[in-house]
Every structure is written in C-alpha cells, then in structure tokens.
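Observations on the model geometry
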8 protein chains.
Amino acid sequence: MDVLVIAGSKSDAKIVRSAEKVLEEHNIEYKTEYCSFHREPGRLHQIMEESDARVYICIAGLSAALPGAVAAQTDKPVIGVPVDSKLGGLDALLSIAQMPSGVPVACVGIDNGANAAHLAARILALSQELCQT
Amino acid sequence: MDVLVIAGSKSDAKIVRSAEKVLEEHNIEYKTEYCSFHREPGRLHQIMEESDARVYICIAGLSAALPGAVAAQTDKPVIGVPVDSKLGGLDALLSIAQMPSGVPVACVGIDNGANAAHLAARILALSQELCQT
Amino acid sequence: MDVLVIAGSKSDAKIVRSAEKVLEEHNIEYKTEYCSFHREPGRLHQIMEESDARVYICIAGLSAALPGAVAAQTDKPVIGVPVDSKLGGLDALLSIAQMPSGVPVACVGIDNGANAAHLAARILALSQELCQT
Amino acid sequence: MDVLVIAGSKSDAKIVRSAEKVLEEHNIEYKTEYCSFHREPGRLHQIMEESDARVYICIAGLSAALPGAVAAQTDKPVIGVPVDSKLGGLDALLSIAQMPSGVPVACVGIDNGANAAHLAARILALSQELCQT
Amino acid sequence: MDVLVIAGSKSDAKIVRSAEKVLEEHNIEYKTEYCSFHREPGRLHQIMEESDARVYICIAGLSAALPGAVAAQTDKPVIGVPVDSKLGGLDALLSIAQMPSGVPVACVGIDNGANAAHLAARILALSQELCQT
Amino acid sequence: MDVLVIAGSKSDAKIVRSAEKVLEEHNIEYKTEYCSFHREPGRLHQIMEESDARVYICIAGLSAALPGAVAAQTDKPVIGVPVDSKLGGLDALLSIAQMPSGVPVACVGIDNGANAAHLAARILALSQELCQT
Amino acid sequence: MDVLVIAGSKSDAKIVRSAEKVLEEHNIEYKTEYCSFHREPGRLHQIMEESDARVYICIAGLSAALPGAVAAQTDKPVIGVPVDSKLGGLDALLSIAQMPSGVPVACVGIDNGANAAHLAARILALSQELCQT
Amino acid sequence: MDVLVIAGSKSDAKIVRSAEKVLEEHNIEYKTEYCSFHREPGRLHQIMEESDARVYICIAGLSAALPGAVAAQTDKPVIGVPVDSKLGGLDALLSIAQMPSGVPVACVGIDNGANAAHLAARILALSQELCQT
C-alpha cells in the first residue's frame, strides 16, 4: 500500500475525508484506520507492525502524539495534521511540529488534510520518477 | 518502588534533580530513568513492563509526548512536567495538559519538577493514610 | 467521601456533569459544590474545614484561582480543570498549571472534566490496591 | 496606613522596590509584606484582618492568585502587578486581569511596580481632594 | 459627577450597559459618552477638559488606546475594559495593561464592564469613608 | 521636511538609529523627536501642529499608542515600529497593527526600524515619480 | 492605475469588498485581481510585470506570503491585510508584519480591508499634494 | 543532486550546519545556497530553474516565505525549518506550517535543522528502497 491514514478520533472524520479525496485524485492507494495512540497504544503498535505503507498521514487534535508515535515506530516518512479541537488547534500544531531531533514529523497546516495528501503525493512521485531513471 | 521518574532527555537533568530533592525530603523511594519516548519507544515499553512504581513523574520538553505515552501504558497516576526548551515551554505545556478524555495526565507548571514531587507525595500519603484506617 | 467536586460558577455545570458521569462509572462516591473562591472565600474555607474528601476536583474559568486555593487549604491531591470562558481557556489553563513550588495542582485539559475524574479514579485505585497488599 | 504592598515571593523584591520608590516620591505611607497566598493562606488572612490599609498593591508571578485573594477579603481597591517568571509574564497577567465579575482587581503592566504605585497615588489623591471639598 | 464612562465604539454598547447596571446598583452618578480616541481626538480632548468626573471607565477593543489617552489627560483614576473584537480580546488587553511607567491604567478583564464599575465603586467608597473620618 | 521620526522613549534609541541610517542611505531629509504620547500628550500635539513632515515613523513599545495618536492628528501616512520591551514585542505589535477602521497605521516588524525607513522611501519615491510625470 | 488590489483566495471576497468601498469613497481608481502566490506564482509574476499601479493592497490569510511576494517584485508601497482564516488571523498577521529588513510591507489590522484603502488614500494624497506644490 | 538546502539569511548558518551534519551522516549528496526570497526573488527563481534536487530543505525566520515560495516552484517535496529570530520563532513556524491547500510544505520544529535532514533521509530512502524492488 502507498499511504496509511491514521486518525486519532472519529471526530476527525471530516479532515480524514479531505485527505482521502486528494489521495484519490492522485490515484494513490490508501487505507484509513481510526486508532487513538493514547487509548489504544497496543493496537497502534500492531497496526504499525502489520503495515507495509510507504508514507503515513497521521491526523490528531489536542496533545497530538499520534504522528510522533508513528514516526517512532517506522523509518518511513510521517506527515502530521493538527486538528482544531481547542485553542484553534495551536496545541496540536505545537505537539506535532516540535519533535525532538532524530524523529522527524512533517507537519502541515491546522485541519489541512488536503495538504497532507498533496505532500504524500510529492513524496511518492519522487520515488516513481527515480525508479524510472 | 514508590515513584519512577522518567525524563526524555539528559538536558532535563536540572528539572529531574529538583524533583528528586523533594522526593528525598518526603522520604519517598524513587528511581530515575532517562528514556526518550520518540527515540526509544521499545525501551520505554520495557521500562513500563518491568516497573512496579505507584506513581510516575515524566519530564519532557517540546512535543512532550512522554507523559501521555506512559499514561497510555499504566493505570497508575502519571504526573507530567513540561520543560522550557522552546517558546518558553508553551509547546510542552500544551502537549502535556491537553490529553484526550480517558487517559489523564496530571500536568504541573513549566520546569516545576518540585511540584511534581510534591503532588506525588500527596498521592502516596493518601494511600498510606487510607491503609492505616 | 472519596471526591469533592467544586465548581466556581453555575456556568461550569456542563463540565461538572462530564466529571460526575465518569466518577459514577467508576463507582466513586462524590459530592458537588458550587462555590466561587473570589466571591465566597469564607464559604470555601468552611467547605474545606468540613470536608473529609480524599481527592478534590476543582473546575474554574478565567483567573481560575479555585484549584490553587483548595490546594493551599488541604494536603490531599487537588485536580484542576480549566474552563474555556475567554481566550479559548488559555487564561484558566495558565492560572491552574503555573502553581508555585510547594503547592501542587494536577492540571488536566481545557473543559476536560472527564479526565479529572479519570485521574481521581487512578489516585483512589492506587490507595485501594495498596491497602489490600 | 495608606498602602499595603504584598509580594508573593522574595524573588519579586526588585518589582517591590520599584513600587516603593514611587510611593515614597508621592509621600505615601506604606508597609510591605512578603506573603505567598498559596503557601501561607492563613498568614495572608491574618494580615488582611489586621490591616487598615486604604489601597492594596499585590505583586505576584505565575498563577498569580494573590491580588484576587486579597480582593476577595477586602472591599478596598486592590492593584495587581504581574511578574515575569515564566512565559514572559503572560501567565501572571492573565491570572490577575481575568477576575470574575464582582471581585475587581486593577491590573497594571508586567513587572510594572511603578505604575501600581502611581495608580495608588491617583486613588488616594482623589480621596484627599474630595474631603477638602 | 462620579464616573464618566467612555466607549470607543457603538459596538461596545453591550459592555457599556454591563458597567452602567453595576454603577446604578451602587447608586453611583455617571454619564456615558461614545468617543473614539483615534477618530475623534479633538472631541475626546474637549470631553476631558469639560469633565469633572472623579473616576473614568474607558471601554475599547483592538488597539485600545482610549484608556491610556484618557489617563494621559487626567490625574484621576482611569479604568480600562478590553473588548473582544479580534483575537479573543488579547490585542485590547495588552494595549490597555502594558502602559508605560508614570501613566497608570487599571485594567480589568476582557469584556468585563461589570468589574470596571465594581472597581470604581471601591475607589469612590474609599473617598467617602475617608471624608467621614 | 520629508520624515519625522518620533520615538516614545530614550530606550528605543537603537531602533531609531536603524531607521535613521536607512533614511540617510536614501538621502531622505528627516528629524527625530523623543516624545511619549502617554507622558507628554501636549508636547506631541504641539510637535504635530508645527510639523510639515510628509511621512511619520513612530517607534514605541508596550501599549504602543504613539503611532495611532499621530495617525489621529495627521492625514499623512504614518508608519509604526513595535519595539520588543515585554512579551517579545507582541504587545506593541498588536497595539500598532489593530487600529480601528478609518485611522490607518502602516505596521512593520518588531524592532524593524530599517523597514519603516524603507517603506517611507517607497512612499516618498512614489510622490517624486508622479510629479515628474 | 492608482491601486491594484490582489487577494489570495476567493474566500477573501468580503475583505476585498470592504477595501474597494473605501477606495471608491476616495475616488481612487483601482483594479482587483484574485491570484494566489503559492498556487499561481507565474501568474502573479505576470500581473506584476504588466501592472502600473502606484500602490498595492494585498489581502491574504494563513501563511500570507502574498504581500511580501509583491513587495519583492515592485518598489512601490505595498499594504498587507491579514485575513482571519485560522488562529484568529494571528498566523497571517505575523506572516505579513515580520518582513525582513529591506523589503517592507505596511501591515494593517486583521480583516481590516478598509484601513488598507485608507492608508492607500493617504499615500496617494501625499503625491497629489506634493505635485501641486 | 539529492538535497538542496536554501537558507534565507547568513544568520541562519548555525541551523544550516545542523542540517548539513545530519545529511553527511546519511551520506546524502547536498548543496547549500543562501538566498532570500524577499530580497532576491529573481535569483531564487534561477536557482530553482537550474536545480535538479530531489528534496528541498528551506530554512528561514520571521515572515518565513522561502519554503512556500520554493514549494510553489517545484513539485518535489519541500521541508521548511522555522528559525527563532523574534517571538521565539512562532512567526516563522506559523508562516511555514499554515500553507494553503495544494502547495504543501513539510514543517519541522523551530531551529530543528537536524530533523529536516532526517526527514529528507526518510524520503530519499523510500525512493531507493522502492527502486530496488
């Protein structure tokens, strides 16, 4: 699979859909899972173990630890989408962007699921282009 | 053991020491580990599996996911100390305080390792008092 | 009694209810008082003098001094819930989290009454478990 | 006495001194107490009971509950000075300014002890002027 | 007259009314003017020259320069009420609270016209009490 | 004269100098005054009455009302430079940028006296160019 | 032409209209283009090459790079209007105000298209006045 | 070439170096250019036209438009590093993260050049891995 979309909460469904639509426009194969890192750490671990995704899009609000937790369990590129749940989404934006050195997350804008998908498309296109060379 | 202190980075050592000093004043048995959730997720998992601590104090800056990750792996009380690394510590404060419902973290003030220890002391004293009744 | 819930204003009723529901799910005995620290300091003092609660949950917005005032009058664990009344609740969050060393308050997320109750449950469960040993 | 200056911590001494200097320039009789509301609530209560001050200047950082606690125990004008201890003093500013309706505190600028004294001088001058009429 | 209430914009009418109601409860004589410092600096100057008010309540949003402008033209106590027009009122709060040393404004909470009136009542009561002595 | 630079405080001298240097590079005739709107409102009024400047550069920190006060007394373009005195200059930035409709101030970056001068140069060059046509 | 109004998105139409109305009141000749710097950098370049506007008003939200991009391609005065799309418009305000030295943008208040037009009117009036001398 | 590092200012050299060191550890071929989008838009355009880089790392402070400008001129992945120049780097963080839909930038933490390089390494490794399949 190309992209695994993981959202921390069913309340993020609208942002998930905005990402999915752009992935579909790019004909990118994807799968979506709803899994809270904080409430289901074991399940997230299992999802990651079984996943063969090339790029991860992680959507989360509040203490948005999901993208960082995924980035800690894979060496593939991880894109984080902060969701506006409180404080206009500033909490999630800082939680996702301010990762410690060594475990990068690619943070996009608040509620901007579309841009996460556009970024995934750029990363995957790079691979395809390189392989054809 | 009563308290396990976990800090995300060696650069948090000063905050760790301020917590340890207060734990010692309260004659609370403790152990300290330096373990980054993002860089050593497997080791954190192992620490948690082997731990018999009654209360956790987790000290972290930036995208301070450590307290939440610990709270997701234990049903014991978890206290989080945000460290001022960037933005005056606002990033860590929001990352620690804004946990989703169901997985609570007790957030204390920025760089306030002492108060984490004081809070642990209150929680442990409650247990001792109740058992004596 | 296990938990005393104190809210600073009748306008916090919805957050109070979210805490109560979780306390009920955990079969935790609780009582709720509405008492403003700023408008009824004498009554708060009296409530605290008569209280035998093991854990306090204090819910307040704006200059949310209630949790700190309670923590100053008891040596039991005090959990503070910042309420979004202005500025997205940032004022209350900082008022509750940034306590001076020596008088700890366990701050949970903005409007997150549920997590205050979950944290109280963890603290009380710790006591029960220890006594059975 | 005209003004009682109360500071929450010895670390506020420099701000206290900037207020005292302006009070002296205005020949205003004053007394200064260091008393933490959170650490010495009983002593603060006693100070307030024995005080005959006409105006209060309360200087505090972090969860700066002192001015509000004083305003709750007197019907005299209370001036609050937020001190920059963390977050540039934003925490103290919001804690002091955002008081609930009914218990007013006159907030001045961060670390601006001088303006607290100037404001006290205006308030006291108003009284003197009115009495002479 | 006891209090002159000045609001920067007709859109502040609701906050003005909350102040007036409390002034009426305290039987304080007041008058209200709508005058923008930025749009009518000459008229504000004239209002100030003709005014014999003992206390000023200035209500303004955005770059809330009105309270400071009034404080610069009188030596009477000036109370500022920041109005939430943009950014939750943070712009007005900082504009009013952060006055330079020498020209104090007593800042109350965002949209808290009631507290401005309560503070005015405390200041005026002090004068009445002192004169009776 | 082309540009009148007005700074609210002697402590702004470094920012003033950075503006003056750029004005000199552009061979723009200028004069500099230090005048606090809050402390010397009458003198500011007089400066404005006597001034024949075509563009104003106003430099101020904290409750930076100076640019707005100048914009209220002239119909010439007014450029405001927020100075970092507290809160990283966010207070001054918001005080200068958030002017009410009808009285515009051209806000440049925090401590960026150079850009105020560059902007003045663009405005003056426009006039020269148009007149030559 | 006197003024070219450029807006980054059709969703800014309301702010655009508030600017246009004031330009019309001042009898200023203007033209409006909708062009996203990020999505249509080539088209923006072309618009700038063909433009003979004397003043630019650029309206943009989020990472509001449009005003700076225009200022980089012209030596005419550029006015930027931050639009509230997320975070109350703080993101756009900082993106527009914090330009590097050498490339100035005149930032007005959040959503304040009217003030951009008023500022443009002041700049253009200056030119007309000077030419008549 | 694999990675083109572009920094907006010589003052970003330390952050540039932290990125370069990590690129070298990963044996990633890179080149570094110092080019300000705002001051040298033409040169940036030329750099982009001549570049065959697979991934871009753009380092900028203040109104950090550089990453977005690069993302607008390429369809390769663009990583942005906000630099703390003012306001703790919050201005640059928001300028980089809050890109409009369609033109994604992968934002990493404030001053975190290392993570930009780690993210680039993940993206490039993905390509290599896919081609070998």
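Here the structure is a predicted model, which is why all the values come from computation and not from measurement. (Residues numbered from 1 in each chain as written. Chains lettered and ligands numbered in written order. Predicted model: local features only at pLDDT ≥ 70, side-chain atom pairs only at ≥ 80, totals over all residues. Heavy atoms only, no water.)

From N to C terminus, chain A includes 5 helices and 5 strands. By the compact-globule yardstick of 14 Å for 133 residues, chain A fits well, its C-alpha radius of gyration being 14 Å. For the C-alpha atoms alone, the extent of chain A along its principal axes is close to 45 × 25 × 25 Å. Considering only residue pairs separated by 6 or more positions, chain A has 66% of its internal contacts joining residues 24 or more positions apart. With an accessible surface of roughly 4,500 Å², chain A has 44% of that area assigned to carbon and sulfur atoms. Positive and negative side-chain charges of chain A, numbering 11 and 16 respectively, have mean locations separated by a distance of 5 Å. (Helix = DSSP H or I, 4+ residues; strand = E, 2+ residues; numbered from the N terminus. Rg over C-alpha atoms; globule rule 2.2 N^0.38 Å. Contact = heavy atoms within 4.5 Å. Areas by Shrake-Rupley, 256 points an atom, 1.4 Å probe, with all protein chains shown as cover. Lys, Arg positive; Asp, Glu negative; His and termini not counted. Charge placed at Lys NZ, Arg CZ, Asp CG, Glu CD.)

What follows is about the relation of the copies chain H and chain A. Between the two copies, chain H and chain A, the superposition gives an RMSD of 0.0 Å; the rotation angle is 180° and the shift along the axis is 0.0 Å. As the rotation angle and translation indicate, the two copies are arranged about a two-fold axis. A shared interface surface links the copies, since 100% of the contact residues of chain H are contact residues in chain A too. (Least-squares fit on C-alpha atoms with pLDDT ≥ 70 in both.)

Assignment of secondary structure puts Q98(D) in the loop between α4 (90-97) and β5 (106-107). With a relative accessible area of 1%, Q98(D) lands in the buried category. At 2.9 Å, the side chain of Q98(D) and the backbone nitrogen of I110(E) are in polar contact. Look past the residues within four positions of Q98(D) in its chain and what remains in contact with it is L62(C), S63(C), K86(C), L87(C), D91(C), G109(E) and I110(E). (Buried < 20%, exposed > 50% of the residue type's maximum accessible area, 1.4 Å probe, protein only. Polar contact = N/O pair within 3.5 Å; in protein donor to acceptor, adjacent residues only side chain to side chain.)

Another aspect to go through is unusual backbone geometry. Within the chain, L62(A) stands out as a residue other than glycine whose phi angle is a positive 55°. You can see L62(A) is positioned in the loop between β3 (55-61) and α3 (66-73). Its identity as a non-glycine residue notwithstanding, N27(H) has a phi of 55°, on the positive side. On the secondary structure map, N27(H) appears in the loop between α1 (13-25) and β2 (30-34).

Further remarks concern the packing of aromatic side chains. This model, assessed by the stated rule, comprises 4 aromatic pairs over all chains. Between K10(C) and the ring centre of Y34(C), over which it is positioned, the NZ or CZ distance is 4.0 Å. (Phe/Tyr/Trp six-rings, centres within 6.5 Å; stacked < 30°, edge-to-face > 60°. Lys NZ or Arg CZ within 6 Å of the ring centre and 35° of its normal.)

This brings us to helix α3 (residues 66-73) of chain C. Across the 8 residues of α3(C), 7 count as buried, placing the element largely inside the fold. Residues of α3(C) that are buried: L66(C), P67(C), G68(C), A69(C), V70(C), A71(C) and A72(C).

Let us now look at the interface of chain H and chain A. On the chain A side, the residues contacting the 37 residues of chain H number 37 residues. Between chain H and chain A lies a buried interface of about 3,100 Å² when both sides are counted; carbon and sulfur atoms form 60% of it. Taken together, the connections running from chain H to chain A amount to 0 salt bridges. Summed over the shared surface of chain H and chain A, the number is 22 residue pairs in polar contact (both at pLDDT 80 or more). Contributing elements (two or more residues each) for the side of chain H that touches chain A: α4 (90-97), β5 (106-107) and α5 (113-132) of chain H. Among the elements that take part in the side of chain H that touches chain A, α5(H) stands out by supplying 12 residues, more than any other. Split by residue class, the side of chain H that touches chain A holds 23 nonpolar, 9 polar and 5 charged. (Buried area = accessible area lost by both parts, 1.4 Å probe. Salt bridge = Lys/Arg side-chain N within 4 Å of Asp/Glu carboxyl O. Nonpolar A, V, L, I, M, F, W, Y, C, P; charged D, E, K, R; others polar.)

It is worth spelling out the pairing of strand β1 (residues 3-7) of chain H at this point. Residue and element names in this part refer to chain H. For β1, a buried count of 5 out of 5 residues is recorded, marking the element as mostly surrounded by other parts of the structure. Where burial is concerned, the two faces of β1 agree: the one with V3, V5 and A7 and the one with L4 and I6 are both buried. Relative to β2, β1 runs parallel, the two sharing 5 bridges. Looking at β2, one finds that V5 is bridged to T32. (Pairing = 2+ DSSP bridges.)

With that out of the way, let us pick up the pattern of salt bridges. Summed over all chains, the structure comprises 64 salt bridges over all chains. Between D111(H) and K86(B) there is a salt bridge; the shortest N-O distance is 2.6 Å. Pair noted here: D111(H) is in the loop between β5 and α5 and K86(B) is in the loop between β4 (78-83) and α4 (90-97), and the two residues belong to different chains. If you follow the salt bridges from partner to partner, you end up with K31(A), E33(A), E40(A) and R43(A) in one network.

A few words on the confidence of the model for chain A. The predicted coordinates ought not to be read in detail in places where the model reports low pLDDT. Here chain A shows a mean pLDDT of 96. Residues at 70 or above account for 98%. As scored by the predictor, the complex reaches a pTM of 0.98 and an ipTM of 0.97. (pLDDT = per-residue confidence, 0-100.)

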